[in-house]
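Residue strings, one per chain:
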Amino acid sequence: GGVPPAIDLVLGATAGCLACFLTNPLEVVKTRLQLQGELQPPGTYPRPYRGVLRAAVAVCRADGLRGLQKGLAAGLLYQGLMNGVRFYCYSHAEDAGWTRYPGGTVAAGAVAGAVGAVVGSPAYLVKTHLQAQTLSAMAVGHQHNHENISSAFRSIYQQHGVVGLWRGVTGAVPRVAVGSAVQLATFASAKDWVCERQWFREGSWAAVLAGGMVSGVAVAVTMTPFDVISTRLYNQPVDADGTGKLYRGFLDCILQISSKEGLLGLYKGIGAVYLRLGPHTVLSLFFWDKLRNM
């Protein structure tokens, strides 16, 4: 508390962008792993991406070193919008005293995350499209073939209107709501817990990092299935009227992945999800916490 919500909006956006710049290569790898073998039984499809490190090498071979920063501009736009709105809403909840009630932190985090997801959805849509694009020999998932971020927004708008820019938002809202609730709740609790046991001094960078690391584990475990569904809904090809050709919606996506790829299909790329979410959680919350103190 103690920071006006408007300032939290700026600080949250800044923290998210700083973390995004450092973790975007893992986001590219995560997207490729989650699209690999889409709606195909395990062991029946080629796997150009195997594990996080080998997948990163494969991306570099296909797209060059710059390939690891594909979709960075869209990623920065998404993190700025989503985290700015998310921390703004959470700060309002703190000021109103909602976080002092049992479960208040979780509820405030979930609502703040859902609102942020809706606002940032078009940027996440474009980011997913751009990060999935590669050479045909290494392609996984549908290839939208955008030239850059501006042409992607223009193409989607011209073909499907404003509504088309929010396609896939039904997967983004539960994804960010769950992730945000778990992240903010576990971060605050873990930070207080290590300070109460005097492992780290209250307000120190070590206490902030410890809270962020615990939060990263919790977020990765709870968020991965929603992350896979969100990636699939955003990247799927659509008809002229904007209807998805592979999935009719959130529940249909869950059922199709579970039946055709098995339950483990919902956890595709979990290693990349944690390696990305862990540092991203630590960095974004560390930057946010320290910027607030300043």
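Conventions and cut-offs
- Residues numbered from 1 in each chain as written.
- Predicted model: local features only at pLDDT ≥ 70, side-chain atom pairs only at ≥ 80, totals over all residues.
- Heavy atoms only, no water.
- Helix = DSSP H or I, 4+ residues; strand = E, 2+ residues; numbered from the N terminus.
- Rg over C-alpha atoms; globule rule 2.2 N^0.38 Å.
- Contact = heavy atoms within 4.5 Å.
- Areas by Shrake-Rupley, 256 points an atom, 1.4 Å probe, with all protein chains shown as cover.
- Lys, Arg positive; Asp, Glu negative; His and termini not counted.
- Charge placed at Lys NZ, Arg CZ, Asp CG, Glu CD.
- UniProt positions renumbered as here; feature names shortened; annotations may be inferred.
- Buried < 20%, exposed > 50% of the residue type's maximum accessible area, 1.4 Å probe, protein only.
- Disulfide = S-S within 2.5 Å.
- 1 Å grid on protein atoms, 1.4 Å probe; cavity = no way out; pocket = protein on both sides within 12 Å on 5 of 7 lines; lining within 4 Å.
- Points joined across faces, edges and corners; volume = space filled by probe spheres on them.
- Nonpolar A, V, L, I, M, F, W, Y, C, P; charged D, E, K, R; others polar.
- Axes fitted to C-alpha atoms, helices over the stretch in contact; angles between N-to-C directions.
- Parallel < 35°, antiparallel > 145°, perpendicular 65-115°, else oblique.
- Salt bridge = Lys/Arg side-chain N within 4 Å of Asp/Glu carboxyl O.
- Phe/Tyr/Trp six-rings, centres within 6.5 Å; stacked < 30°, edge-to-face > 60°.
- Lys NZ or Arg CZ within 6 Å of the ring centre and 35° of its normal.

A. Representation of the overall build of the protein in the model. A count of helical and extended segments in the protein gives nine helices and zero strands. Of the regular secondary structure in the protein, the N- to C-terminal order runs α-α-α-α-α-α-α-α-α. Against the compact-globule benchmark of 19 Å for 294 residues, the protein has a radius of gyration of 19 Å, which places it among compact chains. Considered along the principal axes of its C-alpha atoms, the protein spans approximately 55 × 40 × 35 Å. Sequence-distant contacts in the protein: of pairs separated by 6 or more residues, those separated by 24 or more amount to 79%. If you sum the accessible surface of the protein, you get close to 13100 Å²; carbon and sulfur atoms cover 66% of it. In the protein, which carries 25 positive and 16 negative side-chain charges, the distance between the mean positions of the two groups comes to 7 Å.

B. Local environment of the UniProt feature "repeat: Solcar" (unreviewed entry) in the protein. Cross-referencing UniProt, the feature "repeat: Solcar" (unreviewed entry) maps to residues 3-96, 100-193 and 203-294 in the present numbering. Across residues 100-193 one finds 76% helix and 0% strand; the C-alpha atoms that close the span lie 16 Å apart.

C. Molecular detail of unusual backbone geometry. With a phi close to 55°, L39 is a non-glycine residue in the positive phi region. The residue L39 is located in the loop between α1 (5-35) and α2 (52-63) in this model. Classification of L39 by relative accessible area gives buried; the value is 17%. Not every positive phi belongs to a glycine, and N145 is a case in point at roughly 60°. Within the secondary structure, N145 sits in the loop between α4 (104-132) and α5 (149-165).

D. Representation of the state of the cysteines. Evaluation of the coordinates by the stated rule reveals zero disulfides. No disulfide involves C17; its sulfur sits 6.7 Å from that of C20, the nearest cysteine. Judged by relative accessible area, C17 falls into the partly exposed class, the value being 24%.

E. Representation of the layout of surface pockets in the model. Within this model, the largest pocket holds a volume of roughly 530 Å³. Lining of the largest pocket is provided by 25 residues; of these, E94, A188, K191, D192 and D289 occupy positions nearest its centre. Secondary-structure elements contributing two or more residues to the lining of the largest pocket are α3 (72-96), α6 (169-196), α7 (205-235) and α9 (270-293). For the lining of the largest pocket, the residue count by class is ten nonpolar, seven polar and eight charged.

F. Structural detail: the side chain of H129. The residue H129 is located in helix α4 in this model. Overall, the relative accessible area of 1% leaves H129 in the buried class. Among all residues touching H129, those that are not within four sequence positions of it are H144, H146, I156, R167, Y234 and N235.

G. The packing of α6 against α7, seen in detail. At a closest axis distance of 7 Å, the pairing of α6 and α7 adopts a crossing angle of 170°. By the angle between their axes, α6 is roughly antiparallel relative to α7.

H. Spotlight on the pattern of salt bridges. For the structure shown, the criterion picks out eleven salt bridges. As a salt-bridge pair, D252 and R248 come within 3.4 Å of each other at their nearest N and O atoms. The exposure class assigned to D252 is buried, which follows from its relative accessible area of 13%. What makes R248 exposed here is its relative accessible area of 75%.

I. Representation of the packing of α1 against α2 within the structure. Running from N to C, α1 and α2 point in directions that differ by 95°, and their axes come no closer than 10 Å. Between α1 and α2, the angle falls in the class roughly perpendicular. Residues L26, V28, V29, R32 and L33 of α1 touch α2, and the partners they reach there are V52, A55, A56, V59 and D63.

J. Main features of the packing of aromatic side chains. Summed over all chains, the structure comprises four aromatic pairs. Residues W193 and W199 carry aromatic rings whose centres are separated by 4.9 Å and whose planes lie at 80° to one another, so their mutual orientation is edge-to-face. The exposure class assigned to W193 is partly exposed, which follows from its relative accessible area of 39%. Taking 6.3 Å as the distance between ring centres and 15° as the angle between the ring planes, the aromatic pair formed by F226 and F250 counts as stacked. Pair noted here: F226 is in helix α7 and F250 is in helix α8 (residues 250-261), with a separation of 24 residues, a long-range link. Owing to a relative accessible area of 23%, F226 belongs among the partly exposed residues under this scheme. A cation over a ring is seen here: R86 above F87, with NZ or CZ 4.7 Å from the ring centre. One cation-aromatic arrangement involves K127 over Y124; the distance from NZ or CZ to the ring centre is 4.2 Å.

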